[in-house]
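Observations on chain architecture
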Amino acid sequence: MSESRYDIRRFHDFLAGRTRGFTRRDLLTITAAALLPGTPDVSTVADGPIVKPLPPELFRSLGTNAETRWSALKDQGYYVPVDRFFVRNHTSTPAIDADTWSLKVTGTGLRGGPVHYSLDDLRRFPSETRAVAVECAGNGRGYYTTQQGQTVSGTAWQLGAVGVARWRGVRLSTVLRHAGISRAAVDVQPSGLDANFVSGGVDLGPVRRPFPVAKAFDDVLLAYEMNGVPLPPDHGFPVRVLVPGWIGIASIKWVGTLEVSAEPLFSPWNTQFYRLFGPEFPAEGVPIDEQVVKSAFELDPGATVPAGTTTRLTGRSWSAHGPIRRVDVSTDGGATWRRARHYGDTPGGVWQRWELDWKPAAGTHELLARATDVHGNSQPDTATYNTLGYLFDAVVRIPVTAA
Ligand SMILES: Nc1nc2c(c(=O)[nH]1)N[C@H]1C(S)=C(S)[C@@H](COP(=O)(O)O)O[C@H]1N2
Ligand SMILES: [Mo]
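Keep in mind the model is a prediction, meaning the values are calculated, not measured. (Residues numbered from 1 in each chain as written. Chains lettered and ligands numbered in written order. Predicted model: local features only at pLDDT ≥ 70, side-chain atom pairs only at ≥ 80, totals over all residues. Heavy atoms only, no water.)

1. A few points about the overall build of the protein chain
Secondary structure assignment for the protein chain yields seven helices and 27 strands. The buried share among the 403 residues of the protein chain stands at 52%. Of the contacts formed within the protein chain by residues at least 6 apart in sequence, a portion of 72% connects residues at least 24 apart. As displayed, the protein chain has an accessible area near 16,900 Å², and 53% of this comes from carbon and sulfur atoms. (Helix = DSSP H or I, 4+ residues; strand = E, 2+ residues; numbered from the N terminus. Buried < 20%, exposed > 50% of the residue type's maximum accessible area, 1.4 Å probe, protein only. Contact = heavy atoms within 4.5 Å. Areas by Shrake-Rupley, 256 points an atom, 1.4 Å probe, with all protein chains shown as cover.)

2. What about the nonpolar core?
Ranked by size, the top nonpolar core spans 53 residues in total, and within it Trp167, Phe297 and Trp351 carry the most contacts. Both domain 1 (3-287) and domain 2 (294-402) contribute no fewer than three residues apiece to this core. Formed by 33 residues, the second largest nonpolar core is a distinct cluster that contains Leu119, Val188, Trp254 and Val260. (Core = buried A, V, L, I, M, F, W, Y, C linked by side-chain atoms within 4.5 Å. Domains from an automatic or database assignment.)

3. With respect to the pattern of salt bridges
Inspection of every chain in the model, using the stated rule, returns 17 salt bridges. A salt bridge links Arg124 to Asp121; its shortest N-O distance comes to 2.8 Å. Residue Arg124 and its partner Asp121 are located together in helix α3 (residues 119-124), separated by three residues, close to a single helical turn. Accessibility expressed as a relative area gives 64% for Arg124, which makes it exposed. On the basis of relative accessibility, which here comes to 25%, the residue Asp121 falls in the partly exposed class. (Salt bridge = Lys/Arg side-chain N within 4 Å of Asp/Glu carboxyl O.)

4. Some details on the site of ligand 1
By nearness alone, 20 residues border ligand 1, and Phe86, Asp194, His235, Arg240 and Lys253 come closest of all. Here Phe86 contributes a backbone N or O atom positioned 2.8 Å from an oxygen atom of ligand 1. Between ligand 1 and Ser251 there is a distance of 3.0 Å, counted from a nitrogen atom to a backbone nitrogen or oxygen. Within the complex, the protein chains bury 100% of what would otherwise be the 530 Å² of accessible surface of ligand 1. (Near = heavy atom within 4 Å. Polar contact = N/O pair within 3.5 Å; in protein donor to acceptor, adjacent residues only side chain to side chain.)

5. Quick look at the pairing of strand β2 (residues 59-62)
Pairing geometry for β2 and strand β3 (residues 65-68), over four bridges, is antiparallel. Residue pairing across strands places Leu62 opposite Asn65, the latter belonging to β3. Hairpin connection of β2 to β3: two residues between the antiparallel strands, including Gly63 at a positive phi of 65°. (Pairing = 2+ DSSP bridges.)

6. Thoughts on the packing of aromatic side chains
According to the stated counting rule, one finds 15 aromatic pairs in the structure shown. Where Phe85 meets Phe86, the ring centres are 5.7 Å apart and the plane angle is 20°; that geometry is what we call stacked. Note on Phe85: relative accessible area 1%, which makes it buried. Overall, Phe86 belongs to the buried group, its relative accessible area being 4%. (Phe/Tyr/Trp six-rings, centres within 6.5 Å; stacked < 30°, edge-to-face > 60°.)

7. Examining the sheet that holds strand β25 (residues 351-358)
If you trace the four strands from one edge of the open sheet to the other, you get β19-β21-β25-β24, paired in antiparallel fashion. Both edges of this open sheet fall to β19 (294-297) and β24 (341-343), since each of them pairs with a single strand only. This sheet shows a mean twist of 35° between the axes of neighbouring strands, independent of strand direction. Bridge analysis of strand β21 (residues 311-318) against β25 gives eight bridges, and the strand direction is antiparallel. From the neighbouring strand, Arg312 faces β25, where its bridge partner is Asp357. (Axes fitted to C-alpha atoms, helices over the stretch in contact; angles between N-to-C directions.)

8. A look at the sheet that holds strand β22 (residues 324-330)
A sheet is described by the order of its strands in space; here five strands give the open sequence β20-β27-β26-β22-β23, paired in mixed fashion. A single partner strand is all that each edge strand has here, and the edge strands are β20 (304-305) and β23 (338-339). When β20 meets strand β27 (residues 398-402), the two strands line up parallel, connected through two bridges. Paired with Val305 across the two strands is Ala402, which belongs to β27.

9. Things to note about the confidence of the model for the protein chain
Taken as a whole, the protein chain shows an average pLDDT of 91; of its residues, 89% reach a score of 70 or greater. Every residue in residues 1-38 scores below 50 in pLDDT, and together they form 47 contacts with partners more than four places removed in sequence or on other chains. (pLDDT = per-residue confidence, 0-100.)

Okay, here's the thing in structure tokens:
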């Protein structure tokens, strides 16, 4: 049996309550445990799925999610301020009491029993501060439809489901060593404390997705600060996982449990979702982990710019595989290209800001930007179709009017 067929079998086992890792009975146990004293106080925020204000000049609201307007990043620094950082919630931002919260580290990949860490416990470990991008695997999904004429399911993001912040926390490897990880451990799976995700009438349990121990020891953070302040509620308060370079779903918010396993772990988020399905892929789909190369102009599609005078076009490009080496821009629908000038610091090399002067004649124009990273990874003209619309890496055509 191939590994991916095995994934699918495991997924059906899960639904039928046959898996050891997490069963429907475990769900009931968790619900009952929530009533015991000493367990975290988690409730739903009454007003809506997202706590922070979502002014329309900074965000496009998309159900339980909100994407950053690229025009709101113009003249901002390298980091995306919290007031305009995109939010992707499967359900709703939970209200969590940091005083009763703890992280439970447990599983067959530990030498001993479960270990619990309070927020203060985590803060006592040596901390690390790092620039990391969070980007939804579906960022750009809307362009499969509007630019390629293809039908895909999921939130129709434009390019605003990405942000770079300065995160502070403890290295996951520090906590795993402290908790007594064994040599047999292969996978780590964080689970969120937000409400269980229900899809097609099926309760899929808490939002969770495994990653390999090798990645955990490489660069994963347990973050408790974002841009110098405690994590805001919508971004995972009190503690979230950050998996650099990987699709956003890996970076579990509101983490409550970390399962460390001596056997491979599966969840709906690596069997049913976050795989490439479609005519170009095998029936069981191809799992995805790492992000691709993208570029965006710091303006909104359909924007108006002054005709006959010089406008400074700005934008950002990013790649999960390394720093950006060059960005080529076209202001005439792809007929001619000019190289954009890079500017600004690039802490961690997560994304590159760029600029280009442009003096448009009155009328409509189409702007394109194509980035290439230091390894030669670039952006194609067409992204590979997949039914769930992930990893849209094609050059996006942005219409603007000069008047
Ligand atoms: N517990 C939990 N973690 C989660 C999610 C969620 O719904 N619940 N959404 C994931 C997805 S799909 C993305 S893209 C990122 C978004 O992070 P942000 O809302 O801080 O921008 O969080 C990830 N972590
Ligand atoms: Mo996502």
